[in-house]
Amino acid sequence: AQKVTQAQTEISVVEKEDVTLDCVYETRDTTYYLFWYKQPPSGELVFLIRRNSFDEQNEISGRYSWNFQKSTSSFNFTITASQVVDSAVYFCALSEAFVNNAGNMLTFGGGTRLMVKP
Amino acid sequence: DAGITQSPRHKVTETGTPVTLRCHQTENHRYMYWYRQDPGHGLRLIHYSYGVKDTDKGEVSDGYSVSRSKTEDFLLTLESATSSQTSVYFCAISDQGQGITDTQYFGPGTRLTVL
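Note that this is a predicted model, so its numbers are computed, not measured.

Enquirer: Quick rundown of the pairing of strand β9 (residues 74-79) of chain A? Include the residues and the values.
Expert: All names here are of chain A. The element β9 is largely enclosed, with a buried count of 6 among its 6 residues. Here β9 shows two buried faces, one formed by Ser74, Asn76 and Thr78 and the other by Phe75, Phe77 and Ile79. Direction of pairing for strand β3 (residues 19-21) relative to β9: antiparallel, over a ladder of 3 bridges. Each bridged residue has a counterpart across the sheet, and for threonine 20 the counterpart in β9 is threonine 78. Across 6 bridges, the pairing between strand β8 (residues 64-69) and β9 is antiparallel. Opposite tyrosine 64, over in β9, you have isoleucine 79 as the bridge partner. A loop of 4 residues connects β8 with β9, the two strands running antiparallel in sequence, and serine 73 in this loop sits at a positive phi of about 50°.

Enquirer: Outline the nonpolar core, supporting the account with residue identities and numerical values.
Expert: A general feature of soluble globular proteins is that nonpolar side chains tend to end up buried together. All names here are of chain A. If you look at the biggest cluster of nonpolar residues, it comprises 23 residues, and the most contacted ones within it are Trp36, Phe77, Tyr90 and Leu114. When residues of this core are traced back to their parent elements, those giving at least two are β2 (10-14), β3, β5 (32-39), β8, β9, β10 (88-96) and β12 (112-117). Per element, the largest residue contribution to this core is 4 residues, and it comes from β10. If we skip the residues at most four places from it in the chain, tyrosine 90 touches Gln6, Leu21, Trp36, Tyr37, Lys38, Leu48, Tyr64, Phe77, Ile79, Gly111, Thr112 and Leu114.

Enquirer: If you had to explain unusual backbone geometry to someone new, which residues and values would you point to?
Expert: The residue after serine 7 of chain B, namely proline 8 of chain B, is reached through a cis peptide bond having omega -10°. On the secondary structure map, proline 8 of chain B appears in the loop between β1 (4-7) and β2 (10-13). One non-glycine residue with positive phi stands out, namely serine 73 of chain A, at about 50°. Phi at alanine 81 of chain A is positive, roughly 50°, even though this residue is not glycine. By secondary structure assignment, the location of alanine 81 of chain A is in the loop between β9 and β10. Note on alanine 81 of chain A: relative accessible area 31%, which makes it partly exposed.

Enquirer: I'd like a description of the state of the cysteines, backed by residues and values.
Expert: All names here are of chain A. A full pass over the atoms with the stated rule returns 2 disulfides over all chains. Here cysteine 23 engages in a disulfide with cysteine 92; their sulfurs sit 2.0 Å apart. Because the sign of the S-S torsion sets the handedness, a value of about -65° for the bond joining cysteine 23 and cysteine 92 places this disulfide among the left-handed ones. Of this pair, cysteine 23 sits in the loop between β3 and β4 (24-26) while cysteine 92 sits in strand β10, and the two are 69 residues apart along the sequence. By relative accessible area, cysteine 23 is classed as buried at 0%. We classify cysteine 92 as buried; its relative accessible area is 0%.

About the thresholds
- Residues numbered from 1 in each chain as written.
- Chains lettered and ligands numbered in written order.
- Predicted model: local features only at pLDDT ≥ 70, side-chain atom pairs only at ≥ 80, totals over all residues.
- Heavy atoms only, no water.
- Buried < 20%, exposed > 50% of the residue type's maximum accessible area, 1.4 Å probe, protein only.
- Helix = DSSP H or I, 4+ residues; strand = E, 2+ residues; numbered from the N terminus.
- Pairing = 2+ DSSP bridges.
- Core = buried A, V, L, I, M, F, W, Y, C linked by side-chain atoms within 4.5 Å.
- Contact = heavy atoms within 4.5 Å.
- Disulfide = S-S within 2.5 Å.

Printed below as a string of structure tokens:
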């Protein structure tokens, strides 16, 4: 069975600080996909990134960066120079590649609530 | 933004009553999913569909049923609502090929309260 752990339930930082959100996963599959979603106070779920298990290159998108390390089963998310608008709950999720019609069921971590104070 | 709507957006009901939540998509995606979100649990999969009239159970399917008679609509029914089903319900859609996966995009959510 697959599992995703986000050990940090809440993080509070002051604006302009860098912050890293941790994500550790468990899976028996060699082919799998990792995701990060953002849930702002308005409640919707916003897709941020998808990474497959064969691509360990780190990715940067503006102030966001992701560090994927298969050796430690981690997919951490860093926000550089945080802003108040980054305040949200962030979810890490895992899915295995599917066969036939099974669909890709996402397994979510419990989420990390990030509060950025001005 | 993916064209996904959910209705109703908020509902308060009483224990023992039936409730149906609707998810509607305009993307013609094959796969549709229902999740529930509860504090500390993230989102958990209830049921999913891989085509018209093709559905299967997820992690927390007890007490729920689904139907999909058209590509664009996926209904979630609580036959007899219980207080433990108080939650926020999200619908998601995706379109995948064999052996790969695609991103799931989520609807705005439905907040259900069972008194």
